[in-house]
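# Structure assessment
Residues per chain are reported as follows:
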Amino acid sequence: MPALASIRQQIRANYLPDEDAAVKRLVEAVALSPEERKGITRRAVELVKAVRGSSDPRLMEVFLSAYGLSTKEGVALMCLAEALLRVPDAETMDDLIADKIAPHDWSAHSGSSSSIFVNASTWALMLTGRVLDEGEGTIEKTLRSMVRRLGEPVIRKAVAAAMREMGEQFVLGRTIAEAMKRGRSMTDKGYLYSFDMLGEAARTEADALRYLKAYADAIAALDTPANGPDIRRNHGISVKLSAIHPRYEVAQRETMLPVMAERLLSLALAAKKANMGLNIDAEEADRLDLSLDVIERVLADQRLAGWNGFGVVVQAYGPRCAFAIDWLHALAKKLDRNIMVRLVKGAYWDTEVKRAQVMGLSGYPVFTRKANTDVSYLACAKKLLSMTDRIYPQFATHNAHTVAAILSMAPDRNCFEFQRLHGMGEQLHETVRKAEGTRCRIYAPVGAHSDLLAYLVRRLLENGANSSFVHQLTDEAVPPESIARDPLEIVETQGPAANPNIAKPA
């Protein structure tokens, strides 16, 4: 079909576009009237006030409020987490713990949060910091010297245990059975889950086969008589393509593609049998073209005809997102399929910017301002809501303005669903669910704690920055009107679209 080929050309041509031109195109695509925009902002402010008025803010929001990336301690935590991911030996890890924890003022956070968990974390970090930084005074000095004599290995284990403890708040269960059991209270309320078997990109064939088996076992566990005829009301699973093949890269396309397609197809056929959804997670920008090749090959298999659960995740922080949605809609029409599309803001922003700088590219494959990404999300959401003949939109967001805009743009409450991360955004989506009768699916990581850290680092990077909605939500110093500000207004007043503080790669 010529349309598919021409859209692929548009996708490739917009890999590193002029950001100003891309944002102008997206602003025009949103096409909301001044009255609609004011109404959306009013509704978003009300949502922020409702969440703040809740007596039960969620743990992740509280933790980020205490240890956001705007604090030295938050940065130190991130450094430590990153270090634990990469350090090959215990001795170096001990040096890093001494370097990263000791110099910071953990005591400033002690008792300042209403969350027992956050305060417990603060005491643990304060103790560790004090142990590694001997103070004055005879008793204190003696005690600290004694603990110090136990050696950094003890402290290393304590820090690892603390990270594990923290991780338990953001992972639903170690196994799919445990996750389903722990998630029952939410499903009783009417929530659904998309389970993500934790694991990063496979480095070896053994890794890939292990992850493949984990996905297959999870689908088998979710294949229950409780699954109803409407696939939108059943649990689903999210699959990372880089986890099921160790050479998911352009240079290996010819040998990788048949194997990758065969593995994904086996999972898709199992998901079809279970009448559940299977979403393909989005990854780094340079893999988008490869992902579309895999998607086209698998979705074309006639054995998937009649199944409406094939899902694809697209990232609004990339200028190609709207074109990718056009391509998916054209593919669904060509193959006579109905598919699901999960729209997210994007999970690898820091990586994409750094990689473009290291490679000396002519630009960035992501927007360099948060407001530009928010505008892109609105434009793509509007596009998806106009394609419900073939696409079931899934809007993953914790942002009150984005939620309010979707509620305003959607023709009804049955043609889409919201999604949120387990451990985050609960109060916002519960408020909307009760008031609007919307569906909400929870993206829930499942896996051992050894697989958790990379996921946790990514979540903290996404949501710990000053400009993050999640970070600002519990900060009473930030007015609701500021948090819920219209991104179209920000774009209109900020001048050139590209962020002048992020120089183009040299």
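Scroll up to find the structure this text is about.
In this report, we go over the structure that sits alongside the text. The model shown is predicted, which means the values in this text are computed figures rather than measured ones. (Residues numbered from 1 in each chain as written. Predicted model: local features only at pLDDT ≥ 70, side-chain atom pairs only at ≥ 80, totals over all residues. Heavy atoms only, no water.)

## Looking at helix H2 (residues 19-30)
With twelve residues, H2 should reach 16 Å at 1.5 Å per residue; the first-to-last C-alpha distance of 17 Å fits that figure. For H2, the set of buried residues is Glu19, Ala22, Val23, Leu26 and Val30. Buried residues of H2, viewed axially, fall in a sector of 95 degrees; they line one side. Set apart from the buried face of H2 by more than 90 degrees, the exposed residues are Lys24 and Glu28. Each element contacted by the buried residues of H2 is listed here: helix H17 (370-385) and helix H23 (487-493). (Helix = DSSP H or I, 4+ residues; strand = E, 2+ residues; numbered from the N terminus. Expected span 1.5 Å × (residues − 1). Buried < 20%, exposed > 50% of the residue type's maximum accessible area, 1.4 Å probe, protein only. Arc of directions from axis to C-beta. Contact = heavy atoms within 4.5 Å.)

## A few points about the packing of H17 against helix H18 (residues 400-409)
At a minimum axis separation of 10 Å, H17 and H18 run at an interaxial angle of 30 degrees. Between H17 and H18, the interaxial angle falls into the category roughly parallel. Taken as a pair, H17 and H18 cross one another with a handedness that is right-handed. In this structure, H17 uses Tyr377, Leu378, Ala381, Lys382 and Leu385 to contact H18, whose residues at the interface are His401, Thr402, Ala405, Ile406 and Met409. (Axes fitted to C-alpha atoms, helices over the stretch in contact; angles between N-to-C directions. Parallel < 35°, antiparallel > 145°, perpendicular 65-115°, else oblique. Left-handed = near helix turned anticlockwise from the far one by under 90°.)

## Here we look at the pairing of strand S4 (residues 310-315)
Burial of S4 is extensive: six of the six residues sit out of reach of the surface. Of the two faces of S4, the one holding Phe310, Val312 and Val314 and the one holding Gly311, Val313 and Gln315 are both buried throughout. Where strand S3 (residues 277-280) meets S4, three bridges bridge the pair, whose relative direction is parallel. In the sheet register, Asn279 faces S4, and the bridge partner there is Gly311. As for the winding sense of the linkage, the β-α-β connection from S3 through helix H14 (residues 288-299) to S4 is right-handed. In this structure, S4 lies alongside strand S5 (residues 339-344), joined through five bridges in parallel fashion. Following the sheet pairing, Val313 is matched in S5 by Arg342. Remark: the S4/helix H15 (residues 321-335)/S5 crossover connection has right-handed handedness. (Pairing = 2+ DSSP bridges. Right-handed = clockwise from strand over helix to strand, strands pointing away.)

## Points about the sheet that holds strand S8 (residues 440-446)
Strand order around the closed barrel formed by eight strands is S1-S2-S3-S4-S5-S6-S7-S8, with parallel pairing between neighbours. Direction aside, neighbouring strands of the sheet carry axes that sit 30 degrees apart on average. In this sheet, S8 lies alongside strand S7 (residues 417-421) in parallel orientation, the contact comprising four bridges. Considered in S8, the bridge of Leu421 is made with Tyr443.

## What about the environment of Ile11?
In this structure, Ile11 sits in helix H1 (residues 2-13). C-alpha of Ile11 to C-alpha of Asp326: the two residues are 315 residues apart in sequence and 9.7 Å apart in space.

## As for the packing of aromatic side chains
For the coordinates displayed, the defined rule picks out four aromatic pairs. Measuring from ring centre to ring centre gives 6.2 Å for Trp307 and Phe310, while their planes differ by 85 degrees; the resulting arrangement is edge-to-face. When sorted by exposure, Trp307 lands in the same class as Phe310, which is buried. Taken together, the ring pairs connect Phe395, Phe416 and Phe418 into an aromatic cluster. Over the ring of Tyr211 we find Arg210; its NZ or CZ atom is 5.3 Å from the centre of that ring. Looking at Lys345, its charged tip hangs above the ring of Tyr377, at a distance of 5.1 Å from the centre. (Phe/Tyr/Trp six-rings, centres within 6.5 Å; stacked < 30°, edge-to-face > 60°. Lys NZ or Arg CZ within 6 Å of the ring centre and 35° of its normal.)

## Things to note about empty space enclosed by the protein
For the structure shown, the criterion picks out two cavities of 30 Å³ or more. Taken as a whole, the largest cavity holds about 280 Å³ of empty space. Taken together, 22 residues make up the lining of the largest cavity; nearest its centre are Ala282, Glu283, Leu288, Val313 and Gln315. Among the secondary structure elements, those contributing two or more residues to the lining of the largest cavity are H14, S4 and H15. (1 Å grid on protein atoms, 1.4 Å probe; cavity = no way out; pocket = protein on both sides within 12 Å on 5 of 7 lines; lining within 4 Å. Points joined across faces, edges and corners; volume = space filled by probe spheres on them.)

## Regarding the packing of helix H13 (residues 253-273) against H14
H14 packs onto H13 with a crossing angle of 50 degrees between their chain directions and a minimal axis gap of 9 Å. Judged on the interaxial angle alone, H14 and H13 are oblique. Read as a crossing pair, H13 and H14 show a hand that is right-handed. On the side of H13, the interface is formed by Arg253, Met256, Leu257, Pro258, Met260, Ala261, Leu264 and Leu265, while H14 contributes Leu290, Asp293, Val294, Arg297 and Val298.

## Some details on the nonpolar core
Among the nonpolar cores identified, the biggest contains 115 residues, and Leu278, Leu343 and Phe395 are the most heavily contacted of them. Here the element with the most residues in this core is H15; it accounts for eleven residues. Setting aside anything within four residues of it in sequence, one finds Leu343 in contact with Val314, Ala316, Cys321, Tyr377, Cys380, Ala381, Leu384, Gln394, Phe395 and Ala396. Core analysis: the second largest hydrophobic core is formed by eight residues, Tyr317, Val353, Val366 and Ile502 among them. (Core = buried A, V, L, I, M, F, W, Y, C linked by side-chain atoms within 4.5 Å.)

## Quick look at the pattern of salt bridges
In total, this model carries 34 salt bridges according to the counting rule given. The salt bridge partner of Arg210 is Asp207, with a shortest N-O separation of 3.2 Å. Here the residue Arg210 and the residue Asp207 both occupy positions in helix H12 (residues 205-222), the gap between them amounting to three residues, near one helical turn. Here the salt bridges share partners, and the residues they tie into one network are Arg8, Arg12, Arg253, Glu254, Asp289, Asp293 and Glu296. (Salt bridge = Lys/Arg side-chain N within 4 Å of Asp/Glu carboxyl O.)

## Details of the state of the cysteines
In the structure shown here, the tally under the stated rule is zero disulfides. Free cysteine Cys321: the closest other cysteine sulfur is in Cys380, separated by 3.6 Å. Residue classification places Cys321 among the buried residues on the basis of a relative accessible area of 3%. (Disulfide = S-S within 2.5 Å.)

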